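# Summary of the model geometry
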Amino acid sequence: MRRILAVARKETRHILRDPRSLAVAIAMPLIMVVLYGYAIDMELKRLTVAFLDLDRTPASSELQMEITSSNFITPVQAIPNRSEIESGFRRGMFRAVVVIPEGYSEKLATSLESPVQILIDGADGSTAAVVDNYLNAAIARINRKLASEAFGVETLPIEARTRILFNPQLISAHFVVPGLVALVLVMICALLTSIAIARERETGTLEQMLTSPVAPAQVIVGKVLPYIVIGAIDAALILAVGRFVFDVPMNGSWFVLAGYTILYIIISLGLGLLISTFAKTQQVAMIAALMGTLLPTLILSGFLFATSSMPFMLRQISKLIPATYYLRIIRGLMLKGQLWFPFETVALVTLGTVILSVAIFRFKERLD
Amino acid sequence: MKTIITIVRKEFQQILRDKGMLRMIVAVPIIQLFIFAYAVTTDLKNVKLAYVDHDRTSESRQLVDAFFTSGYFTSVGMAENQTKLMSWLMEGKADITLNIPIGYAEGIVRGNVSDVGLIVDGQNSSLSGRGRGYAEAIIRTEAAKLMENKRLEHPELETKMHRIVPVTRYYYNPELESKKYMVPAIVVLLISIISGMLTGMAVVKEKEVGTLEQLMVTPITPMQFIAGKTIPFIFIAFFELAFASLIAIFFFKIPFEGSVLLMIAAAILYLQVTLGAGLLASTVSQIQQQAMFTVWFFLLFGILMSGFFYPVENMPKWIYMLTYLNPVRHFMEIMRGIFLKGVTFSDIIPQFALLFGLGTLIFGTAVIKFRKMND
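Residues numbered from 1 in each chain as written. Chains lettered and ligands numbered in written order. Predicted model: local features only at pLDDT ≥ 70, side-chain atom pairs only at ≥ 80, totals over all residues. Heavy atoms only, no water.

## A look at the pattern of salt bridges
Considering all chains together, one arrives at 20 salt bridges over all chains under this definition. Of the charged contacts in the structure, one is a salt bridge between Lys 93 of chain B and Glu 91 of chain B, with a shortest N-O distance of 3.4 Å. The exposure class of Lys 93 of chain B is partly exposed, given its relative accessible area of 47%. On the basis of relative accessibility, which here comes to 44%, the residue Glu 91 of chain B falls in the partly exposed class. With a closest N to O distance of 3.1 Å, Glu 136 of chain B and Arg 132 of chain B form a salt bridge. On the criterion of helical spacing, the pair formed by Glu 136 of chain B and Arg 132 of chain B is a turn pair, its members being 4 residues apart in helix H6 (residues 125-153). One network of salt bridges, with partners in common, ties together Lys 10, Glu 11, Glu 200 and Lys 223 of chain A. (Salt bridge = Lys/Arg side-chain N within 4 Å of Asp/Glu carboxyl O. Buried < 20%, exposed > 50% of the residue type's maximum accessible area, 1.4 Å probe, protein only. Helix = DSSP H or I, 4+ residues; strand = E, 2+ residues; numbered from the N terminus.)

## Notes on the sheet that holds strand S3 (residues 96-100) of chain A
Pairing between the strands of a sheet is mediated by backbone hydrogen bonds and can be parallel or antiparallel. The strand order S2(A)-S1(A)-S3(A)-S4(A)-S5(B) describes an open sheet built from 5 strands, whose pairing is mixed. The outermost strands of the open sheet, each flanked by one partner alone, are strand S2 (73-75) of chain A together with strand S5 (163-171) of chain B. Taken over all neighbouring pairs, the strand axes of this sheet differ in orientation by 30° on average, direction set aside. Note: S3 of chain A against strand S4 (residues 113-121) of chain A, 4 bridges, orientation antiparallel. When the bridges of S4 of chain A are listed, Val 97 of chain A appears paired with Leu 119 of chain A. (Pairing = 2+ DSSP bridges. Axes fitted to C-alpha atoms, helices over the stretch in contact; angles between N-to-C directions.)

## Some words on the packing of helix H9 (residues 216-244) of chain A against helix H10 (residues 254-278) of chain A
All names here are of chain A. Orientation of H9 relative to H10, taken along the N-to-C sense of each, is 135°, at an axis distance of 10 Å. The angle between H9 and H10 places the two elements in the oblique class. Seen from above, H9 lies across H10 with right-handed handedness. Across the interface between the two elements, Ile 220, Val 224, Tyr 227, Ile 228, Gly 231, Ala 232, Ala 235, Leu 239 and Arg 243 from H9 touch Trp 254, Leu 257, Thr 261, Ile 265, Leu 269 and Leu 273 from H10. Here the contact of H9 with H10 is built from residues that sort into 12 nonpolar, 2 polar and 1 charged. (Parallel < 35°, antiparallel > 145°, perpendicular 65-115°, else oblique. Left-handed = near helix turned anticlockwise from the far one by under 90°. Contact = heavy atoms within 4.5 Å. Nonpolar A, V, L, I, M, F, W, Y, C, P; charged D, E, K, R; others polar.)

## Structural notes on helix H3 (residues 58-68) of chain B
Every buried residue belonging to H3 of chain B is among Ser 60, Leu 63, Val 64, Ala 66 and Phe 67 of chain B, and all of these are buried. Looking down the long axis of H3 of chain B, one finds its buried residues gathered within 155° of arc, a one-sided arrangement. (Arc of directions from axis to C-beta.)

What follows is the structure in C-alpha cells.
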C-alpha cells in the first residue's frame, strides 16, 4: 500500500509540474461543458421567412400577419419576384419563402381551397424538416380558425394532447451535459493514462521502476490512482456546472450515479492500459486513444447522434462501446429518475471484465 | 526562391519516407470520411412507438396505421394500458407513446372532439422535438381527412368553409438527407485536421531534434523556412480536398453544383488559417504532442461553433456573434453552398471577406511570432 502511494505521489507530481497537462485535465472539461452546453442547441429558435406576395391585397397581408404571429417565425424583408428566391437561399438570407399566389383573395371568397406555396431551403435536411413543421402548424392554426368560423366549433375532430416526459422543455443542455461526463472520463482515463504509461516506456523509466522492489501491479495501480482522482474531480465539476449553470435535474440518486461512475472510470482505465500495451511511443498511444476510444465515444455512443438512425454495422459497433451503456445510465438517473438498469449493468460489467483481463494479461506478457 | 524549393523538396522526402505519416494522409481521412458520413446523422428514423388502443374500431386502427406508414416510426407493440406505456418509456423501450381512448370513433361521428394522448420521451431534445412534430402532423392530417368527409356530408356548409392548402417544395436536397449536408462539412474537417496538425507537428519536430536551430544558423531566412515548411502541406491539403471531394461526389452522390475555381480560391484563403494555426501552435510548443493538442483544442472550438451539427442561429446571441470570428464557420458555409446550392462569388462575398481578413490575421501573427522566437 505504501509503495502504491509512493508511485501515485510521484505521478501526481509529474502532472502538477506540467501546467499544460493540468490544464488539459481540469480546464478543458470545464470549457467543454460550457461550450457544449451553450453551443449545441438543437432547437431552432429563430426561423427566418420571406414572403413573396403576388396578390397584394388586405387578405394576403392578413395571411402574412397570421403566419408571423407564431413564435419563432421571424419575417425578413419581402421579396419582389421569384428570381430573388434562389439568390436569397444561396446567401442564407432566409430559410423559407411563402408565396401567396395572385388571386389569393379572390379564391378566398369564391372557392373552397386556396393554395399557398412554401419553398424551403432543404440543404440542411433536418432543419428543413423542422421549418416545414413550424410553417405547416402555423397554417393549420389558420385553417382551424376558418373552420371554427364556419362550423362554430373551436377545434379539429381529433386533438393531440401531448406530454413530454423527462425533459419537458426540450432543453438541449439537459441532454448534452450528462453525456459530457462519459466523454470527459474517457478522455482523462483512457487518453491521459495511456500516454503517461507510454511516456515511461519511451523514456525507459518503466523498466527501472519494475526492477525496483515495487511489484508490477503496484506500479500500475499507483500510476492510475491520480487519474482516478482527476476523473472523479472532473465528473464532479461537470455535474456541478450542469446543476448550477444549466439546471440539469437529478431525479435519481447521486449515490447510484457515483457507483456506476466508478465502474465506468475503471473500465476507461482498462482501455487506457490496453492501448498502452500496444503503443511503444506517446505519439502512437495518443493516436490510438483518439481513434480507438475518444472518437467512437463522441460519435457512435449516442452522445449526440441517435444510433437508431445509423446503418446496421455502426449500430453493432456502438454496442461494444462502454459509453453507450453509461450514457443510458447517467441520463436515465438524472433525467428520468430510473434506478434499475439490469441490462446496462450486465453489459458494462461484461465489457469491463473482458477489457481489464485482456489489458492485464497483455501487460504482464510484455513485462516477461 | 531556390532555397525555398530545396526546403520543400527536403520536406516532401521526409513526409513520403515516413510510413506513419503517409497513413495519416491517405488512410485516416478515408476512414473518417466513411464513418462520419454514416454516423453523423441527424435524420429521424426508427422512432420507437408504442400504443394502446382502447377504442378498437376501424377509425382508431386507421390512425395507428397512419403512424406506421409514415416511415418515421417503428412499432414496439401494443400495450394493454397506460401504465404499461409509461413503464416502456421509463425503460427506454419506447420513445413515443400513443393512447387512443374509448369513444374515439364515436366522438368523431357525433362531431365532438376526440382527444388522443401522446407522450414523448424528451431526453434527446432535438429528436424528441421533431418526433413530436411529425406525430402531431400525422394526427392533424387524419383530422383534416375527417373534416373533409364531414364537408362532403354537409353540402350546405360548403361555401362557408375555406381551407388554405400549403404546397411545400424543398430546394437543393429534396429528400432531406442529412448526409448531403454533412459530407461537404466533413471534407472541411479533414483538411483542417491534416493541414493544421501536420504543419504544427512538422515544425515542432525540427525543434525537438534540434535541427531548427541548425537551420536558423544557415543563410535560410525565417520567411524562407516558413514558405518551405508550409508549401508541402498546401499540396497535401489540396490532394486531400480533391480526393475527399471525389469520394463525396462519386461514392456518396453528393451533388456538386458550384464552381471548382471558387472552391480552390476559398480553400487557399482557408489554408492561411489552418497553416497559420499550425505554425502558431508550433511557437508555443516544445514537443509534437503539445502542438497536436493545441491545434486540436482550437479546432474543436472552431468546429463546435461552426454550425457543423446544428445551425449557428440556434445559439445564444453572444455566442452567435462570436461565430463571425470563426473561420471554420465561413469556410463550411462556402463549401456547403458550393456543393449543394451552386453559390457564385457574389453570393458569398461576406464569407470570403471575413475568411480573408481572419486568415491574414492568423497567418500574419504566426509569422511575426515565429520570427521573434528565432531571434
